[in-house]
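# Descriptive structure summary
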Amino acid sequence: MTKTLQNKTRFVYIQAAGLKGWRRHVCIARLLRRSLAWGLPFIFAWLASAYAAETTQSLVSAKAPNVAFYYQDALPVDELQAFDAVVIDPARARLPDAGAAPHTSWFARLDLASWKRSASDAAGQAVMSGIQVLWDEGYRGFLLDDGVQADAGGSDDGMLALMDAIRDRYPEARLMLRNHIALARARAGSLYALVVDSLYHRPGGFAGMMGKTPDGLRDGLLGEIRQLQSEFALPVVAVDYCLAGDKACRRDLARRLQEDGVQPFVTAPGMGIVGTGRIEVMPRKILMVQALGRDQSLDQSVGVIGLSMPLNYLGYDVQYLDLNSKDLPANIGSDRYAGIVVALNQQAPKAGIWRQWLLARIREGMRVAVIGNFGFPLDSAALAALGLEGVPGKVAPGSLPQVVGKESLMGFETLPSPDARDVVGVRAGSADASLLRLAFDSYVYDAAALTSWGGYTLTPYDVVFLDALREYRLVFQPIDFFRQALQLPEMPVPDVTSENGRRLMFTQVDGDGFVSRAEFSSAADEFSAEVLYRRILTKYPVPMTVSVIEGEIGPEGAYPELSPKLEPLARKIFALPNVEIASHSYSHPFFSWQIDNRTGKRIKPFHQTPEEAADPFSMDIPGYEFDLDREIFGSIDYINQRLAPPGKRVEAMLWTGDTEMRPLALRKAAQAGVLSINGGNTVITKARNSWTNIAPYGVAKDDDPDAYQVYAATMNENVYTNDWLGPFYGFKRVIETFAMTDEPIRFKALDIYYHFYSATKKASLAALEHVFDTAMKQPVFPVYTTEYIKRVLQWRRVSVARDGDRWIVRSGADLRQLRWPGAGVPELAGATGVMGYKPGPGGLYIHMGGDEASFRIASAGKQGLPYIQEASGFVRNFQRQGRGMQFELGGYYKPFVQFADMAGCVSSVADGSRGSGRSAGRVDVAGNAAKPVVYHSIRVHCE
């Protein structure tokens, strides 16, 4: 072939490579015809071979599973669930529960090196016995690894016999093979994938560095792999290595391996990180570092009150580290943490160790945002490590302060006046950007800056406490600051505030005041529970979660003489179809800090002021000594046995008192089989207009997932009435809270949270009715409180991964809403698991059709496909059928579905005996506030 014809041929072939779909095939066919016209059959053969090889590789790539490898303990299941298959070392880690990662298959690595060395029948039997144990544990996949390197020779006879033996005994087993390319060719039909390693880097080099694989060796291996791929549709996974903190290396090497035609997975030596494959998992955890005071609760820390909610909104789950009670953790890497937020107000305990740890994380590439104080002296060595400049000298007495420069994200809710006592002699480096530059005459320093490693904003330009108001204020805009300092990527954000584009609404009733009497003439001497039953619980046909305090209404409580009247009333309330049953404990403890986190008994404080001593710890129940098991398990058993109607049981624990629950209490509620909620302090109003008055979704009390406390989305009427001192109509102001947590940013679901005693006064009852009337006129989606709790708990575990320009999201069974913060809409034609979308506060709300979705973002505009714009009910079993779609819709309160882009389409609903109805753009179905949900089959048919 002449060079001119070679170039001409390659040019047309490259043109074809840039096309997609049928256009690509037409271009290739035209080129093949030209080759024949040129009288060069060998060109035809060359093109056909190249095209066939490329087509085979693209088909293999499309079908190839995303495979990850993790050989250490403490599996990061939340991140690994983004992969289709994960190989783990069963000697180090336990197989996760099936429900923890429903879309992921877990393979056990079989270390067969010693077996190959012995080559005896007894060794082979031992291997099969070990496989039997793993099979009984639940493994259904195995990686056969005998230690042979990809470039090594050696006989495959033993491995061949082992594979056949496994297949004979376990026909359902899926097998992966490491490095035996010839054996893979012989048993390609029996393999899930072939694994090769170290095409570019080999671990185990000098001082932890990695050796480079020779180019000739790599080219030879790739030639064998391509020959295998041309013969069989067998996925080939290439494992390679970068240093643990080098995310850029992982991305680059994964891209190069894909270009080589193999499925990549780039990890670190030891395989102890969440590596990068064809997909890159977006870490969704933030480590919040604080140093709590001796008697300070985590709930009252600045990290929880002022900093966590913005991070939650951005899609990040916060894990807390108290330097006064915990050791500095390992495995804080960029593979599973999006950043570290340092929230210190003074030098850290063991400042030298802390400094060494933090600077090591920064060297590894972890992004860090420092709020308040670095926690160690900023001497010349520290400044050099941070890339900052020191300011020599001191502020001269009598110097006048001046704001030299201020960016827009500073001075968000307040801006303290510069004070010489707060000066920290530091300036942003040449590669950094000052956010707040202050001067005292010639002494110039930066109180806040964005840096190459993150950013900082120092005291008092962080979160300030205003003594006169007894409230905090944010000096910086936290969403923008964290987004820039931590370089948080634009990604789909799992959202717990909404579903199908509508704001979630739930109702929770604490049991306090069930026994109280109404204080107005139209309900004179009625129990407040009777009034609430008539005026609220039966008047508004929406889901409601209602609790009682056993010690208030039970025969072993404080009012045994009233129990015969109160228990029937509780039974009548719990029998309502729209009521979900909850417990509000036995004795209603007020101060959780007095509960021993080991024993569950009360700790009586040694030092109390007379005022503190006068405050009761709980209800006064004669003869009762506090016990956490009695509060939780006992009260739940009481309600289930004496108050719950057939077919219903307690489903939630509504925490009491200060609601700053100890981890032990949270774990015991989970052991009792119920969900739990309460706490937080979301009370933002026009008079208390600070984001610090919007609590996060919840707070992790320790590393145990069962010790996560879900906060109420809004506070109750006790807060809005000044601890029930008045004005008693004050709960009307919660409507301001609803509005200010919805526009322009939807921070929270709508939560109507109150006590039975709201029915004791005319003003408070009228306020409660007004709140319900107002809320139900808004575009809400009513759900039960436990359905909200499930979404928050599942939100913590959602995996978000990027596959080129596509997004892959795996959530829980209940969490179906994503929020896209950028421009564009999901491209429906190539998406899976996407029902539709709707613009809303803070972004575009993308509706998932199940617990998994895959899509790319395209420019907005009509796409020729109808979609669900919004729905006020649950959409289940969603399927696209050509241009049309089919699904089931059900809900508690006036469920409907609104479609968009319905040109040429018609919708219909089949509802059993009632026949079917048709509508172009909207379908309404019957709803009922009761469990289980009644679903209606809906179909959209398009010409």
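Residues numbered from 1 in each chain as written. Predicted model: local features only at pLDDT ≥ 70, side-chain atom pairs only at ≥ 80, totals over all residues. Heavy atoms only, no water.

### A look at the overall build of the protein
Our working rule: Each helix is a run of DSSP H or I of at least 4 residues and each strand a run of E of at least 2, with the numbering of both proceeding from the N terminus. Atoms counted for the radius of gyration: C-alpha only. Globule rule: 2.2 Å times the number of residues to the power 0.38. Remark: exposure states derive from per-residue accessible area (1.4 Å probe, protein chains only) relative to the maximum for the residue type, with buried under 20%, exposed over 50%, and partly exposed in between. In what follows, residue pairs with any heavy atoms lying within 4.5 Å of each other are defined as contacts.
Looking only at helices and strands, the protein features 24 helices and 50 strands. Against the globule reference of 30 Å for 943 residues, the protein gives a C-alpha radius of gyration of 32 Å, in line with a compact fold. Evaluated residue by residue, the protein yields a buried proportion of 56% over its 943 residues. Taking all contacts inside the protein whose residues are at least 6 apart in sequence as the whole, residues at least 24 apart take part in 71%.

### Comments concerning the side chain of threonine 267
Note that threonine 267 resides in strand 10 (residues 263–267). Judged by its relative accessible area of 0%, threonine 267 falls in the buried class. Once you skip the residues sitting within four places of it in the chain, threonine 267 turns out to touch Val239, Asp240, Tyr241, Cys242, Gly272, Ile273 and Gly275.

### Details of the sheet that holds strand 46 (residues 896–900)
To keep it simple, the criterion reads: Between any two strands, at least two bridges found by DSSP are needed for them to pair. To define axes, lines are fitted to C-alpha atoms, for helices over the stretch in contact only, and angles between the resulting N-to-C directions are given on a 0 to 180 degree scale.
Within the open sheet, the 3 strands sit side by side as 43-46-49. Their pairing is antiparallel. Among the strands making up the open sheet, the edge pair consists of strand 43 (867–871) and strand 49 (922–924). This sheet shows a mean twist of 25 degrees between the axes of neighbouring strands, independent of strand direction. The sheet contact formed by strand 46 and strand 49 spans 3 bridges and is antiparallel. Of the residues in strand 49, the one forming a bridge with glutamine 898 is arginine 922.

### Some words on the pattern of salt bridges
Where side chains of opposite charge bring their charged atoms close, a pairing between them can arise. Formally: The rule for a salt bridge is simple: a side-chain nitrogen of Lys or Arg has to be within 4 Å of a carboxyl oxygen of Asp or Glu.
One pass over the full model with this rule turns up 55 salt bridges. Here arginine 802 makes a salt bridge to glutamate 280, at a shortest N to O gap of 3.7 Å. Of this pair, arginine 802 sits in strand 36 (residues 799–803) while glutamate 280 is found in strand 12 (residues 280–281), placing the two residues 522 residues apart along the sequence. In this structure arginine 802 comes out as partly exposed when scored by relative accessible area, which is 25%. Of the charged contacts, one joins arginine 922 and aspartate 924 as a salt bridge, the two residues approaching to 2.9 Å between their closest N and O atoms.

### Digging into the packing of helix 15 (residues 528–537) against helix 17 (residues 563–574)
As a reminder of what qualifies: Each angle gets one of four labels, with under 35 degrees taken as roughly parallel, over 145 as roughly antiparallel, 65 to 115 as roughly perpendicular, and the rest as oblique. With the far helix as reference, a near helix turned anticlockwise by less than a right angle produces a left-handed crossing, and one turned clockwise produces a right-handed crossing. Residue classes follow a fixed rule: Ala, Val, Leu, Ile, Met, Phe, Trp, Tyr, Cys and Pro count as nonpolar, while Asp, Glu, Lys and Arg count as charged, and any other residue, Gly among them, counts as polar.
One way to put it is that helix 15 packs onto helix 17 with a least axis distance of 10 Å and a crossing angle of 15 degrees. Overall, the two elements helix 15 and helix 17 adopt an arrangement that is roughly parallel. Relative to helix 17, the crossing made by helix 15 is left-handed. Taking contact as the criterion, the partners of Ala529, Glu530, Tyr533 and Leu537 in helix 15 are, on helix 17, Leu569, Lys572 and Ile573. Residues of the contact of helix 15 with helix 17, tallied by class, amount to 5 nonpolar, no polar and 2 charged.

### Considerations on the state of the cysteines
Cut-off, in case you're wondering: Note that a disulfide, as used here, is simply two cysteine sulfur atoms within 2.5 Å.
Applying the stated rule across the entire model yields 2 disulfides. Between the sulfur atoms of cysteine 905 and its disulfide partner cysteine 942 the distance amounts to 2.0 Å. Here the S-S torsion is close to 105 degrees, and the disulfide linking cysteine 905 with cysteine 942 is therefore right-handed. Here the residue cysteine 905 occupies a position in strand 47 (residues 905–910), and cysteine 942 occupies one in strand 50 (residues 936–942), the gap between them amounting to 37 residues.

### Topic: helix 19 (residues 628–642)
Since the α-helix packs 3.6 residues into each turn, any two residues three or four apart lie on the same face. Worth spelling out the cut-off: Under the convention used throughout, the expected extent of a helix is 1.5 Å for every residue step, that is, one less than its residue count. To get the bend at a given residue, fit one axis to the seven residues ending there, fit another to the seven starting there, and take the angle between those axes. Whenever a nitrogen or oxygen atom comes within 3.5 Å of another N or O atom, the pair is scored as a polar contact, on the condition that within protein one atom can donate a hydrogen and the other can accept it, and that pairs from neighbouring residues in sequence are kept only if both atoms are in side chains.
In a regular helix each residue adds 1.5 Å, so 15 residues correspond to 21 Å; helix 19 covers 21 Å between its end C-alpha atoms and thus fits that length. Most pronounced at glycine 634, the bend in helix 19 amounts to some 30 degrees. Along helix 19, the positions that sit buried rather than exposed are Leu628, Glu631, Ile632, Gly634, Ser635, Ile636, Tyr638, Ile639 and Asn640. Where the residues of helix 19 are buried, they touch strand 28 (544–548), helix 16 (550–553), helix 17, strand 29 (579–583), strand 30 (650–654) and helix 20 (663–671). Between the side-chain oxygen at the start of helix 19 and the backbone nitrogen of aspartate 629 there is a gap of 3.1 Å, and the oxygen is on aspartate 627.

### Observations concerning the sheet that holds strand 12
Overall, antiparallel pairing links the 5 strands, which are arranged 12-36-37-42-39 in an open sheet. Edge positions in the open sheet fall to strand 12 and strand 39 (825–826), since each of these has one partner strand only.

### Notes on the confidence of the model for the protein
Applicable threshold: For every residue, the predictor states its confidence as a pLDDT score lying anywhere from 0 to 100.
Mean pLDDT for the protein: 90, with 90% of residues reaching 70 or above. In this model residues 913–917 is a low-confidence stretch, pLDDT under 50, and it forms 9 contacts with partners more than four residues away in sequence or in other chains.

### Notes on the packing of aromatic side chains
Put simply, the rule reads: The aromatic pairing rule takes the rings of Phe, Tyr and Trp, using the six-membered ring of Trp, and pairs them if the centres are within 6.5 Å, calling planes under 30 degrees apart stacked, those over 60 edge-to-face and the rest tilted. The rule for a charge over a ring is simple: NZ of Lys or CZ of Arg within 6 Å of the ring centre, and within 35 degrees of the ring normal.
Within the structure shown, the criterion is met by 34 aromatic pairs. Ring geometry for phenylalanine 69 versus phenylalanine 265: centroids 5.8 Å apart, planes at 50 degrees, classification tilted. Residue phenylalanine 69 is found in strand 1 (residues 67–70), and its partner phenylalanine 265 is found in strand 10; the two are separated by 196 residues along the sequence. In terms of burial, phenylalanine 69 and phenylalanine 265 fall into one category: buried. Members of the aromatic cluster, each reached through a chain of ring pairs, are Tyr313, Phe412, Trp691 and Phe747. Over the ring of tyrosine 586 we find arginine 630; its NZ or CZ atom is 3.9 Å from the centre of that ring. The ring of phenylalanine 896 carries the charged tip of arginine 922 above its face, separated from the ring centre by 3.7 Å.

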